[in-house]
Each structure stands twice: as structure tokens, then as C-alpha cells.
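One letter stands for each residue in the lines below.
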Amino acid sequence: MLFIGYSKKRLKATFTRVYTQVAFCLFAIVCANLTLHTAMAEPIKITLAAEDGWPPFADEFGSGISHNLIQQAFKQVDVEVSTIVVPYTRGLIMAERGTVDGVFNVTKEQSTQKRFVFGKVPLFTVNASFFFAKTNTVNAKDKWQLPLGSIIGIIDGYEYGDELLQLIDQRQLKIIKVQSQRQLINLLLVNRIDSAIMYDMVADVYIEQMGVKQDIVAKFTNHTSEIFVALSKHHPQALELSIRLDKGLQQLKQQGHYQQLLVPLDF
């Protein structure tokens, strides 16, 4: 009888201990799942540098097509974006140093691919042309027929396609670098340069603002650029962010919202 009683007590103690351990394990699993769910629900937060002088895509007020498109695309994939509005060249330097997580409105070409991480899906595609004063009677039909020694104005720090260096060498071009679109247009108007390379939609905004639509004309294309968000190689999730942005852009297209976001705002 003593043996039987002892066994029952021992069995009860063992059962209690096992029950406690199982309950603790289940509690731990629930807590782990809650923690994982919370972590998964928490969006990634990033800061991007945004150019201050490229309307209708990005202006000094932190608005424009690029701002809206990037915000909406990243929102699709649980990434929260803050922006810092700076001159374009400064934005590139900040992203390259890791001061910000990336910079947008960057052309994906040989020079930039060495410095940044890019996705596969561009934000959009833009054309850049050679603009002339209407008083300029140049007969060239394309950039490869530019008169030898022509003086060409560009924005310092911008990308103008992988062919530019070859064009400069072949046509013996003299390059004048300035800081703004307005400077380029003014140099054209006073015949200080023979032509200026400007992105068509951007040039249209400034030409309209300056009231010189009758004085400036685009004659032929320099290049077509695919525009991206360039992510800093210092960010540990740069590749993941590029994949997410691609996915977000694709989702916007599938939903039919993408084209709506490309409509220029009033500048």
C-alpha cells in the first residue's frame, strides 16, 4: 500500500511538472509569434535625398512626380520614406557616403552603377535633347553632326549618357558646366553657348516660367535615360530595398495607378 501511494504521488508530481513545461513552451511560442508578427508589421524606414531643381519631377519644395511615385511604390511594400531636399550633386555625395540611404532621379549608367545599388524597374524614362536659340542656324540633323568645336552647356554633376565622352572627343566639343537650368537658358539667349543639353520635360517647365518659349527650340535627341532610385552601398538592406521598390512599381502598374502618378503637377 505504501508503494502504491508513493507511486501515485510521484506520478502526480511528474504530471504536474510536464504540464507546467508544456504550458511554458506554448506560452513561449505564442510570445515568439507575437514578436515576429510585430517585427514583420513594422515598416522599414529610410531617408532619401531629393533634388531641388528638376521639375516636374522634383522641386525645391519637396514635391513633384518622383516624390509621389516613390512614396506610393514603397508604401506598397511596407517601406516608409522621408526625404531631404538638396542640390543633386550633394545628394549623390550623401548617398555615396551613407549619410542618406539613397538618392532619386539618377540615370543608371556605367559611372553610377559603380557607386550605387539599383533595382531593375526604372521609375520612368525621360528624353534629353540639344536645345538651341532659334537664331542659331546650325544645320546638324543629329548630335554626331554638331559643328566641330561647338560650345555645349550642361548641368554640373548630371548624367548625360554613356556616349557623351565619345561625342566630346569626336566633335571636339567645349563643355561649359553650370549649376541650374535657368543659367543654361540664359547662356543660350545671349549666345554664350551654341547649345545646351536639357531633359525635355524639365526644360519645358523653365522655358515656360521664363517666358522664352518663342526663343528656344529642341532640335535633336542626346539620349534617353531610365531614371532610378540609387541606393547607398552602405545600407545593409540596399539590395532588399531595390527588390521591394521593383515590386512596388510593378504593383502600381497592375493596379492601374502608375500612369496617373506620371501626370505632371502645376509648376
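The paragraphs below set out a description of the structure included in this document. (Residues numbered from 1 in each chain as written. Predicted model: local features only at pLDDT ≥ 70, side-chain atom pairs only at ≥ 80, totals over all residues. Heavy atoms only, no water.)

Here the focus is the pattern of salt bridges. Counted under the stated rule, the structure contains three salt bridges. Across the pair Lys143 and Glu163 runs a salt bridge, and its minimum N-O distance is 2.7 Å. Separated by 20 residues along the polypeptide, Lys143 in the loop between β5 (124–133) and β6 (151–155) and Glu163 in the loop between β6 and α5 (164–171) bring together distant segments of the chain. Take Lys143: its relative accessible area is 5%, and that puts it in the buried class. Glu163 gets classed as partly exposed once you look at its relative accessible area, which sits at 39%. For Glu240, the salt bridge goes to Arg244, with nearest N and O atoms at 2.8 Å. (Salt bridge = Lys/Arg side-chain N within 4 Å of Asp/Glu carboxyl O. Helix = DSSP H or I, 4+ residues; strand = E, 2+ residues; numbered from the N terminus. Buried < 20%, exposed > 50% of the residue type's maximum accessible area, 1.4 Å probe, protein only.)

On to helix α7 (residues 200–210), then. Residues of α7 that are buried include every one of Val202, Ala203, Val205, Tyr206 and Ile207, and no others. Gly211 sits one or two positions beyond α7 and adopts a positive phi of about 70 degrees.

Of all hydrophobic cores here, the largest spans 76 residues; its most connected members are Leu48, Trp54, Phe74 and Phe124. For this core, the element with the highest residue contribution is strand β9 (residues 216–232), accounting for seven residues. Setting aside chain neighbours within four positions, we find Phe74 in contact with Ile46, Leu48, Val79, Val81, Leu241 and Leu245. (Core = buried A, V, L, I, M, F, W, Y, C linked by side-chain atoms within 4.5 Å. Contact = heavy atoms within 4.5 Å.)

Shape is all these values report; function is a separate question.
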